[in-house]
Amino acid sequence: MKYLDEFNDPALARLLFEQIDAAATKSWAIMEVCGGQTHSIIRNGIDQLLTDRVELIHGPGCPVCVTPLEMIDRALAIASRPNVLFTSFGDMLRVPGSREDLFSVKAKGGDVRVVYSPLDAVNLAQEHPDKEVVFFGVGFETTAPANAMAVFQARDRGLRNFSMLVSHVLVPPAIEALMTSPTSRVQGFLAAGHVCTVMGTRQYEPLAQQYRVPIVVTGFEPLDVLDGIRRCVLQLESGRAEVENAYPRAVRAEGNLPAQEMLAKVFETCDRPWRGIGMIPMSGWRLAPEFAAFDAERRFDVGELSVSEPEARTLPRGRSAAGHTQAGPVRVLRQGVHPSHTDGRDDGLQRGRLCRLLPVPPARSAGGGASWLRPPPHRRSTSRAGRARCRFGTRTAS
Amino acid sequence: MCLGVPGKVLEVRSEQGTRMATVDFGGVTKTVCLAYVPEVQEGDYTIVHAGFAITRLDEASALETLRMFTELGMLDELGEADAGVPGGAT
Amino acid sequence: MGHGGGGQLSAELVQHLFLPSFGEAARTATPTDAHVLTLGNGVRLAFSTDTYVVRPLFFPGGNIGELAVYGTVNDLAMSGAQPLALSTGFVLEEGLEMDVLGRIAAAMGAAALKAGLQLVTGDTKVVEHGHGDGVYINTAGIGVLPAGADIRPDRARPGDVVIVSGEIGLHGIAVLSLREGLEFGTELRSDTAPLNHLVAAMLAACPDIHALRDPTRGGLAASLCEIAETAQVGIEFDERSLPVPEAVRAACGFLGLDPIHVANEGKLVAIVAPDHAEAVLAAMRATDVGGSAAIIGRVVEENGGVVVARTGLGSTRIVDRPLGEQLPRIC
């Protein structure tokens with residue numbers, strides 16, 4: 001058992017496709033919450049092989065994409081300081097702030113380094129006592145234990161030159177925001193497997209009950225995703241709305257208790273704006289008062305940041321993520337500003353920096369639905385306002 | 001996503017008081033923090049995210065899930081396919 | 001910075017900045033890596049240049065010196081040319097150890113002999129400490145094209161088969177394994193190698209090879225996209241037929257990368273008429289660098305300019321060039 005190829009088996013995948021096809025007697029709209037599942041769906045073309053009666057709506061599940069503009073601008077301002085060694089996961093380097101991204105700061109001479117683990121940033125702080133080492137602590141509940149451990153260890157090792165810019169976001173409040181949005185069409189959720197690995201499945205029970213919506217905890221390999229969809233359809237068809245675990249090899253109901261213990265020590269819940277959605281109450285984590293000394297927001301006064309995030313103010317909560325997907329066989333797949341979630345379908349981001357982040361017409365199907373064409377270059381607009389459109393699941397109304 | 005990848009724990013050690021391990025992802029190895037998975041032993045598989053093991057992969061559950069998938073197909077072939085077949089392991 | 005990464009950003013820089021700015025002086029420029037000049041006596045020379053900026057300077061399987069020689073040799077070889085001579089230009093950072101430079105230069109000498117060419121002229125400049133990563137190398141080379149060879153990306157036509165000369169992703173992963181902050185253990189070594197002997201063997205088996213690219217930065221995806229865009233044809237390939245070593249797949253797995261976006265330094269992708277495919281494949285497999293050559297796909301009429309991968313599940317997805325430098329991700 002290697003836990004990878006076994007869950008990629010094409011013959012078993014065909015069986016699951018058939019099962020879903022047989023189970024779905026009506027049309028259902030299911031949201032996969034997690035960007036990783038979206039990635040798997042696109043990467044494996046699962047949406048093409050799925051019955052038309054099941055529509056997948058791509059959720060807000062990418063912490064990189066939902067990091068608010070204000071926080072990115074703060075990161076850029078801190079990273080531009082002469083004595084700062086700014087560390088980050090690779091994902092964040094190309095996420096644009098109001099004017100530029102971390103890559104540009106690096107190109108201008110800023111000391112911006114990619115790390116694989118937040119502990120690498122702590123080690124850098126130890127190796128460079130003359131530098132202020134800052135780590136950009138983003139992520140969902142999955143990443144939070146790693147970031148919490150970095151802060152904890154920095155305190156343990158007595159490092160005064162380490163701090164973290166924290167912009168953590170939480171999944172359950174986002175699901176709740178989606179369910180309370182008047183325009184939401186979502187009828188069932190595939191919950192994010194690795195988030196549940198850390199937090200367990202119990203916090204989803206009240207959501208499933210209150211909003212009468214099936215929530216299936218789902219993994220990331222093709223068979224995992226298909227089984228999540230299958231179970232969700234079965235629940236919808238039989239009128240059930242339960243929390244179900246389709247990823248039992250990695251998820252226990254109680255989650256990872258040692259990790260949760262550390263999270264409770266290091267973080268506290270706070271309101272958090274989500275890029276493209278707006279403010280969601282109690283949907284984030286920030287450093288607890290006990291660890292305030294490691295808070296980069298406090299350590300670095302970057303002055304007033306003038307940030308205009310028009311879509312966050314003008315859109316009703318959850319609107320862009322609430323399921324305005326294109327009807328019919330063409331499902332437009334675009335997943336936020338995360339470059340690696342765009343895998344061929346999204347054109348707004350893969351155009352490169354010279355004309356990047358511009359709105360691009362949705363992908364079209366060249367008959368039969370199997371061939372995907374990119375829009376011709378002349379259809380790319382150059383309006384800056386279009387930036388905001390590449391957020392979740394679909395284009396926001398334009 | 002939270003990009004989490006299964007890997008096999010090769011060698012467990014202590015670094016600056018923290019439980020660390022070399023994890024094999026199938027021909028490449030990486031140092032991974034085991035602080036959150038005290039139950040994990042050498043030879044176990046774990047899911048790694050951002051340099052941290054976040055769970056011990058449960059082989060019995062994995063096999064059970066795969067067995068359930070296979071059985072769905074067998075039911076189909078026997079003409080007993082039922083849209084209401086309950087899921088297996090939860 | 002991303003504009004030097006070989007992905008979409010690099011292509012756009014050439015297209016949108018250099019060519020318009022050069023204006024009339026770049027009238028005959030081709031967007032390919034090697035330009036062919038025809039002399040009065042009918043002899044055709046291929047001319048190419050490349051600049052090498054590599055961190056770290058030494059990596060598993062090679063160093064910047066070999067890359068600087070093989071890189072330009074391979075650019076020439078992709079036009080079908082056999083290299084004759086290379087120039088070498090060095091930008092050295094003050095403080096670079098002589099021993100390091102000596103090892104790099106020795107590697108260049110050995111690489112030139114392996115490729116069968118001479119290093120004929122050169123130049124050295126030194127910049128202040130802090131203004132370079134130790135050493136940057138530029139090489140420019142000329143080579144001679146065999147009569148009859150007409151190898152251009154725009155010659156790809158529907159029905160042609162797509163051949164890859166061997167396992168992909170080795171160089172990029174070997175270099176990443178040493179990158180500060182990412183270090184991981186691997187036995188993988190860079191595949192850096194000269195491709196001119198392989199190309200000679202292929203041309204001997206079939207003088208009418210339509211197109212050749214070496215998928216360096218930007219990986220196989222960038223090469224296929226370039227061919228599809230230039231020839232305005234579609235390219236389809238089967239993901240399961242890609243020769244990806246298990247360790248490359250594993251490294252890509254935990255870094256969140258796609259093997260078709262990872263750099264190679266000793267591989268080529270060939271577009272060949274279907275009638276000649278088997279002969280070319282056999283000739284490739286008989287060489288030391290083409291032992292695991294494989295047919296991965298074909299050129300199609302549909303979806304001009306677009307590369308489509310057939311997934312393991314039987315669906316399709318569009319393949320794009322990577323945006324720029326490959327970065328590990330958490331989501």
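Residues numbered from 1 in each chain as written. Chains lettered and ligands numbered in written order. Predicted model: local features only at pLDDT ≥ 70, side-chain atom pairs only at ≥ 80, totals over all residues. Heavy atoms only, no water.

**Quick word on the overall build of chain A**
Tallying secondary structure elements over chain A gives 15 helices and 13 strands in all. For chain A, with 398 residues in total, the buried portion stands at 67%. Working note: accessible area of chain A is about 13100 Å², and carbon and sulfur atoms make up 50% of it. (Helix = DSSP H or I, 4+ residues; strand = E, 2+ residues; numbered from the N terminus. Buried < 20%, exposed > 50% of the residue type's maximum accessible area, 1.4 Å probe, protein only. Areas by Shrake-Rupley, 256 points an atom, 1.4 Å probe, with all protein chains shown as cover.)

**Description of the nonpolar core**
Counting 196 residues, the largest nonpolar core has Phe86, Phe162, Phe189 and Ile229 of chain A as its most contacted members. Among residues more than four places away in sequence, those in contact with Phe86 of chain A are Ala75, Ile78, Ala79, Leu102, Asp111, Val112, Arg113, Val134 and Phe136 of chain A. With 25 residues, the next largest nonpolar core counts Tyr70, Val73, Ile104 and Ala115 of chain C among its residues. (Core = buried A, V, L, I, M, F, W, Y, C linked by side-chain atoms within 4.5 Å. Contact = heavy atoms within 4.5 Å.)

**Concerning the pattern of salt bridges**
Per the counting criterion, the structure on display carries 37 salt bridges over all chains. Between Glu64 of chain B and Arg67 of chain B there is a salt bridge, with the nearest N and O atoms lying 2.7 Å from each other. Within this pair, Glu64 of chain B and its partner Arg67 of chain B are both found in helix 1 (residues 59-77), separated by three residues, close to a single helical turn. With relative accessibility at 25%, the residue Glu64 of chain B sits in the partly exposed group. A salt bridge links Arg155 of chain C to Asp150 of chain C, with the nearest nitrogen and oxygen atoms 3.9 Å apart. Residue Arg155 of chain C is classed as buried on the basis of its relative accessible area of 12%. Using a relative accessible area of 28% as the deciding quantity, one classes Asp150 of chain C as partly exposed. (Salt bridge = Lys/Arg side-chain N within 4 Å of Asp/Glu carboxyl O.)

**Comments concerning the sheet that holds strand 15 (residues 316-319) of chain C**
Residue and element names in this part refer to chain C. Pairing in this open sheet of seven strands is mixed, and the strands run 10-12-8-13-11-14-15 from one edge to the other. On the outer flanks of this sheet lie strand 10 (211-213) and strand 15, each paired with one strand and no other. Each adjacent strand pair in this sheet contributes to an overall mean axis angle of 25°, direction not counted. Alignment of strand 11 (residues 234-238) against strand 14 (residues 307-310), held across four bridges, turns out to be parallel. When the bridges of strand 14 are listed, Glu236 appears paired with Val308. (Pairing = 2+ DSSP bridges. Axes fitted to C-alpha atoms, helices over the stretch in contact; angles between N-to-C directions.)

**Section: the packing of aromatic side chains**
The final tally for this structure, using the stated rule, is twelve aromatic pairs over all chains. Judged by centre distance (5.5 Å) and plane angle (75°), the ring pair of Tyr116 of chain A and Phe254 of chain C falls under edge-to-face. Taken together, the residues span two chains, with Tyr116 of chain A in the loop between strand 4 (111-114) and helix 7 (118-127) and Phe254 of chain C in helix 7 (residues 246-255). The residues Tyr116 of chain A and Phe254 of chain C share a single accessibility class, namely buried. Residues Phe152 of chain A and Phe291 of chain A carry aromatic rings whose centres are separated by 6.4 Å and whose planes lie at 40° to one another, so their mutual orientation is tilted. Highlighted residues: Phe152 of chain A in helix 8 (residues 144-156) and Phe291 of chain A in the loop between strand 11 (278-287) and helix 14 (296-299), separated in sequence by 139 residues. (Phe/Tyr/Trp six-rings, centres within 6.5 Å; stacked < 30°, edge-to-face > 60°.)

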